[in-house]
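Residue-level structure breakdown
Single-letter residue listing:
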Amino acid sequence: MNAQDALRLQQLEACQAARVCISDYMRLCDDLESPETVQAIGALFSEDACWEGLGESYATRLGRHTGRVAIEKMMASYVRHPAHFAMNAHFLCSEALRHGPDGVLTGRWLMLQTSAFTAGGAHLNAAEIRVTFGEEAGRTVMRHFTTRNLFSRPVDHWQAADTLPVPDTK
C-alpha cells in the first residue's frame, strides 16, 4: 500500500469512528437516567472539550460548557427521579464529514429530537450539530460540539393509542 492509500484508509477509518462516537452520544442522551450514563457521555469528549448551544435560544438555554467535567455536570442536571424525559429520541441525517487541510476531522448533521416529558407535554426540535473530532488515549472523541436550533415546537403527544393501519390480509 502506498502512502496516499494509507492516508485515505486512515481518513475513512476516522470517519467511521466519528460516526460511532456521535451515534453513541445520541443513544446515551436518549436514555439519560443514571450517573453511569453521564460518565459514558463524558468519555466521548476530550478532557478539554467544549459543548455549546449556539443562536439566540440555545446559547441562553443550553449555554457553553468547557471541559469534560463541566459537560458531565450539565448532563447530570437531566438525571432526575422521576426522569426528566418520559421518552426521548434523536435522529441524525444529512451527514457531512470532512478532513481539513490540517488533518482535523469535522462533522455536520441535522438532528431531529422528539421528546415527551414526565411532567407532561411533548416537543419537537430540529438543530444543526457541528462537531470537531480528535483522538485521545487512542480513541476518537469530540473536542468541540455545537448545537444550533432550527425550530422548536410543542406537540400534543407521541404515542397514540390509535390502531396502526395495515393492509387487509383477507
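Note: the structure precedes this text.
To start, this report covers the structure provided alongside it. Because the structure is predicted, anything quoted here is derived from the model rather than measured.

**Re the overall build of the protein**
For the protein, the helix and strand inventory stands at four helices and six strands. Element order for the protein, N to C, with α for helix and β for strand: α-α-β-α-β-α-β-β-β-β. On the principal axes, the C-alpha backbone points of the protein span a range of 60 × 50 × 30 Å. Among the 170 residues that make up the protein, the fraction classed as buried is 36%. Of the charged side chains in the protein, 16 are positive and 20 negative, and the gap between their average positions amounts to 4 Å.

**Notes on the layout of surface pockets**
Roughly 620 Å³ of volume is contained in the largest pocket. Grouping the amino acids of the lining of the largest pocket by side-chain chemistry returns 15 nonpolar, eleven polar and one charged. A volume near 270 Å³ is recorded for the second largest pocket. As for the second largest pocket, its lining consists of 13 residues, of which A14, H99, G103, L105 and E135 are closest to the centre. Breaking the lining of the second largest pocket down by element, the ones donating at least two residues are α1 (3-29) and β5 (122-136).

**Some details on helix α4 (residues 68-76)**
The set of residues buried in α4 consists of R68, I71, M74 and M75. Buried residues of α4, seen end-on, are gathered within an arc of 125° and therefore sit on one face of the element. Along α4, exposed side chains directed more than 90 degrees from the buried face belong to V69 and K73. Each element contacted by the buried residues of α4 is listed here: α1, α2 (35-42), β1 (45-54), β2 (64-66), β5 and β6 (139-155).

**Thoughts on a nonpolar patch on the surface**
Residues F91, L112, L150 and F151 make up a contiguous nonpolar surface patch of about 350 Å² in total accessible area. Following the sequence through the fold, F151 ends up in strand β6.

**Some points on the sheet that holds β5**
The six strands are arranged β2-β1-β6-β5-β4-β3 in an open sheet whose pairing can be described as mixed. Two strands lie at the open edges of the sheet, namely β2 and β3 (85-99), each paired on one side alone. The sheet shows a mean angle of 15° between the axes of neighbouring strands, direction not considered. Pairing of strand β4 (residues 105-117) with β5 involves twelve bridges; the strand directions are antiparallel. Opposite M111, over in β5, you have A127 as the bridge partner.

**Considering the packing of aromatic side chains**
With the rule as written, the count across this model stands at seven aromatic pairs. Residues W51 and F145 carry aromatic rings whose centres are separated by 5.5 Å and whose planes lie at 15° to one another, so their mutual orientation is stacked. Of this pair, W51 sits in strand β1 while F145 sits in strand β6, placing them 94 residues apart in sequence. On the basis of relative accessibility, which here comes to 2%, the residue F145 falls in the buried class. Chaining the aromatic ring pairs together yields one cluster made of Y25, F45, W51 and F145.

**Comments concerning the packing of α1 against α2**
How two helices pack is summed up by the angle between their axes together with the distance between the axes. For the pair α1 and α2, the least separation of the axes is 10 Å and the interaxial angle reads 160°. One element, α1, and the other, α2, form an angle in the roughly antiparallel class. Along this stretch, α1 crosses α2, giving a crossing that reads as left-handed. Judged by residue contacts, Y25, L28 and C29 of α1 engage T37, A40 and I41 from α2. Partitioned by chemical class, the residues of the contact of α1 with α2 number five nonpolar, one polar and no charged.

Cut-offs used in this document
Residues numbered from 1 in each chain as written. Predicted model: local features only at pLDDT ≥ 70, side-chain atom pairs only at ≥ 80, totals over all residues. Heavy atoms only, no water. Helix = DSSP H or I, 4+ residues; strand = E, 2+ residues; numbered from the N terminus. Buried < 20%, exposed > 50% of the residue type's maximum accessible area, 1.4 Å probe, protein only. Lys, Arg positive; Asp, Glu negative; His and termini not counted. Charge placed at Lys NZ, Arg CZ, Asp CG, Glu CD. 1 Å grid on protein atoms, 1.4 Å probe; cavity = no way out; pocket = protein on both sides within 12 Å on 5 of 7 lines; lining within 4 Å. Points joined across faces, edges and corners; volume = space filled by probe spheres on them. Nonpolar A, V, L, I, M, F, W, Y, C, P; charged D, E, K, R; others polar. Arc of directions from axis to C-beta. Contact = heavy atoms within 4.5 Å. Patch = residues over 30% accessible without salt bridge, like charges linked within 9 Å, V, L, I, M, F, W, Y side chains within 5 Å. Areas by Shrake-Rupley, 256 points an atom, 1.4 Å probe, with all protein chains shown as cover. Salt bridge = Lys/Arg side-chain N within 4 Å of Asp/Glu carboxyl O. Pairing = 2+ DSSP bridges. Axes fitted to C-alpha atoms, helices over the stretch in contact; angles between N-to-C directions. Phe/Tyr/Trp six-rings, centres within 6.5 Å; stacked < 30°, edge-to-face > 60°. Parallel < 35°, antiparallel > 145°, perpendicular 65-115°, else oblique. Left-handed = near helix turned anticlockwise from the far one by under 90°.

Interpretation in functional terms is not warranted from these geometric data alone.
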